[in-house]
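The residues making up each chain are set out below.
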Amino acid sequence: MNAIKDMYARWAAGDMGVDDQWGDVTAEPRGLDYAEVSAGGVPAMWLSPHGADQDRVIVALHGGGFVGGSLYTHRKMYGHLAKAAGVRVLLATYRLAPAYRFPAQVEDAVTAYRWAAGHADTVALAGDSSGGGLAVQVARREPGVAALLLMSPWVDMDPAQTATSYDGNSDPFFTRTMVRGLIAQYLPAGMSGTAPEVNAFHADLSKLPPVYVQCGGDESGRGDSERLAQQTGARLDVFDGQPHTFQMAAGRAPVADEAIGRMAAWVRPRLGL
């Protein structure tokens, strides 16, 4: 797990490295095939475990603060989820800010979900960080989502960032100042960060499917996970001492493997397995 914390510490010091190197902290899951596809025009990748059920699918949306991340940074982490759940995962990317601002990211995520829904009987949504927030927005718009699997979801687009989990937190990278900067790059000029279409905390969440949320006890964004669980009645697992999206250490850290195993066990019956 130190690899995740070390990565964030380097980022905080200004050494972001090459985008695709994020995935180096994840072990290769093996036993599955990767195939890049166009999901209705959206770049995506099938992560297909050998012998996986073909009629149940998880659509996964990667994190990266809307300004980074890719199919290649996250394919291994979601590959571990695919293997643990025994289903195919369609990992989708989306247009990035600041070149493309809201609603481009939501539009791409909805398109990928609809494409997957045309290729499977039952579809759940997963997402980490900004991808988790996108997954919530897709589920608000698409009534057929079977379940939501969220890892350290970033939901609150209010620049005020009043969550108390920032106070006294040792998170070296995800500070209020940094998060406010990402919001400024994501939202169009003049748009309120509390508008329901961008901030699910100010929307009607009563019709969401079953939700499972995981977060690290040491992450500054823990408040988003706690608030989302309060508003939706979601299952919430807080992993003490763990950082933001600690699941990216899958295959290298037992706690990451445990978290992904819990997520897989929770979603299987909701996919009809």
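Scroll up a little and you will see the structure.
Residues numbered from 1 in each chain as written. Predicted model: local features only at pLDDT ≥ 70, side-chain atom pairs only at ≥ 80, totals over all residues. Heavy atoms only, no water.

Taken in spatial order, the eight strands make up an open sheet running β1-β2-β4-β3-β5-β6-β7-β8, and their pairing is mixed. Sheet topology places β1 (32-39) and β8 (235-239) at the edges, where each strand pairs with a single neighbour. Adjacent strand axes in the sheet meet at a mean angle of 20° when their direction is disregarded. Bridge count for strand β2 (residues 42-49) against strand β4 (residues 87-92) is four bridges, and the pairing is antiparallel. Paired with Leu47 across the strands is Val89, a residue of β4. Running at roughly 145° to strand β5 (residues 122-128), helix α4 (residues 130-141) makes contact with β3 (53-61), β5 and β6 (148-151) of the sheet. (Pairing = 2+ DSSP bridges. Helix = DSSP H or I, 4+ residues; strand = E, 2+ residues; numbered from the N terminus. Axes fitted to C-alpha atoms, helices over the stretch in contact; angles between N-to-C directions. Contact = heavy atoms within 4.5 Å.)

As a further point, take the packing of aromatic side chains. With the rule as written, the count across this model stands at seven aromatic pairs. Judged by centre distance (5.5 Å) and plane angle (45°), the rings of Tyr212 and Trp266 are tilted. In this pair, Tyr212 is assigned in strand β7 (residues 211-216) and Trp266 in helix α7 (residues 254-270), connecting sequence segments 54 residues apart. Among the residues examined, Tyr212 registers a relative accessible area of 0% and is labelled buried. You can call Trp266 buried: its relative accessible area is 9%. Relative to Phe246, the ring of Phe239 has its centre 4.9 Å away and its plane inclined at 50°; by these criteria the two rings are tilted. For the pair Phe239 and Phe246, one class covers both residues: buried. Three or more aromatic residues joined by ring pairs form one cluster here, namely Phe66, Phe102, Trp154 and Tyr186. The ring of Tyr34 has Arg75 lying over it, and the distance from NZ or CZ to the ring centre is 4.6 Å. (Phe/Tyr/Trp six-rings, centres within 6.5 Å; stacked < 30°, edge-to-face > 60°. Buried < 20%, exposed > 50% of the residue type's maximum accessible area, 1.4 Å probe, protein only. Lys NZ or Arg CZ within 6 Å of the ring centre and 35° of its normal.)

A few words on the layout of surface pockets. The calculated volume of the largest pocket comes to roughly 420 Å³. Lining the largest pocket are 31 residues, with Gly64, Gly65, Ser129, Phe174 and His244 positioned closest to its centre. Class assignment of the residues belonging to the lining of the largest pocket gives a composition of 15 nonpolar, twelve polar and four charged. (1 Å grid on protein atoms, 1.4 Å probe; cavity = no way out; pocket = protein on both sides within 12 Å on 5 of 7 lines; lining within 4 Å. Points joined across faces, edges and corners; volume = space filled by probe spheres on them. Nonpolar A, V, L, I, M, F, W, Y, C, P; charged D, E, K, R; others polar.)

Core analysis: the largest hydrophobic core is formed by 92 residues, its most contacted members being Ile58, Tyr78, Leu81, Leu125, Leu148, Leu149 and Val267. In this view, Leu148 contacts Leu125, Ala135, Val136, Ala139, Leu208, Pro209, Pro210, Val211, Tyr212 and Trp266; residues no more than four positions away in its chain are not counted. (Core = buried A, V, L, I, M, F, W, Y, C linked by side-chain atoms within 4.5 Å.)

Moving on, we come to the pattern of salt bridges. By the definition in use, this model includes twelve salt bridges. Beyond isolated ion pairs, a larger network of salt bridges with shared partners links Arg235, Asp237, Glu258 and Arg262. (Salt bridge = Lys/Arg side-chain N within 4 Å of Asp/Glu carboxyl O.)

As a further point, take the pairing of β7. Across the six residues of β7, six count as buried, placing the element largely inside the fold. Because side chains alternate across β7, one face comprises the buried residues Val211, Val213 and Cys215, and the other comprises Tyr212, Gln214 and Gly216, equally buried. The pairing of β6 with β7 spans four bridges and is classified as parallel. Residue pairing in the sheet places Met151 in a bridge with Gln214 of β7.

Attention now goes to the side chain of Gln214. Looking at where Gln214 falls in the secondary structure, it is placed in strand β7. Among all residues touching Gln214, those that are not within four sequence positions of it are Leu150, Met151, Ser152, Pro153, Ser225, Asp237, Phe239, Gln247, Ala259, Arg262 and Met263.

For the rest of this paragraph, the subject is empty space enclosed by the protein. What the rule picks out here adds up to one cavity of 30 Å³ or more. What the largest cavity holds in volume is close to 60 Å³. In this structure, the largest cavity is lined by Phe66, Val106, Gly133, Leu134, Gln137, Trp154, Val155, Met157, Tyr186, Val198 and Ala200. Its residues placed into classes, the lining of the largest cavity shows nine nonpolar, two polar and no charged.

The omega torsion across Ala97 and Pro98 is 0°, close enough to zero to call that bond cis. Assignment of secondary structure puts Pro98 in the loop between β4 and α3 (104-117). Cis peptide bonds are those with omega within 30 degrees of zero, and the linkage from Phe102 to Pro103 qualifies with 15°. Within the element layout of this structure, Pro103 appears in the loop between β4 and α3. Not every positive phi belongs to a glycine, and Ser152 is a case in point at roughly 45°.

Attention now goes to α4. Given 3.6 residues per helical turn, the α-helix brings residues three or four places apart onto the same face. When the terminal C-alpha atoms of α4 are compared, their 17 Å separation across twelve residues agrees well with the 16 Å that a helix rising 1.5 Å per residue should span. The element α4 is extensively covered by neighbouring structure, given that ten of its twelve residues are classed as buried. When α4 is considered as a whole, its buried residues turn out to be Ser130, Gly131, Gly132, Gly133, Leu134, Ala135, Val136, Gln137, Val138 and Ala139. Buried residues along α4 sit against β3, α3, β5, β6, α5 (176-186) and α6 (222-232). (Expected span 1.5 Å × (residues − 1).)

Remember that the coordinates give geometry; whether it matters functionally is a separate question.
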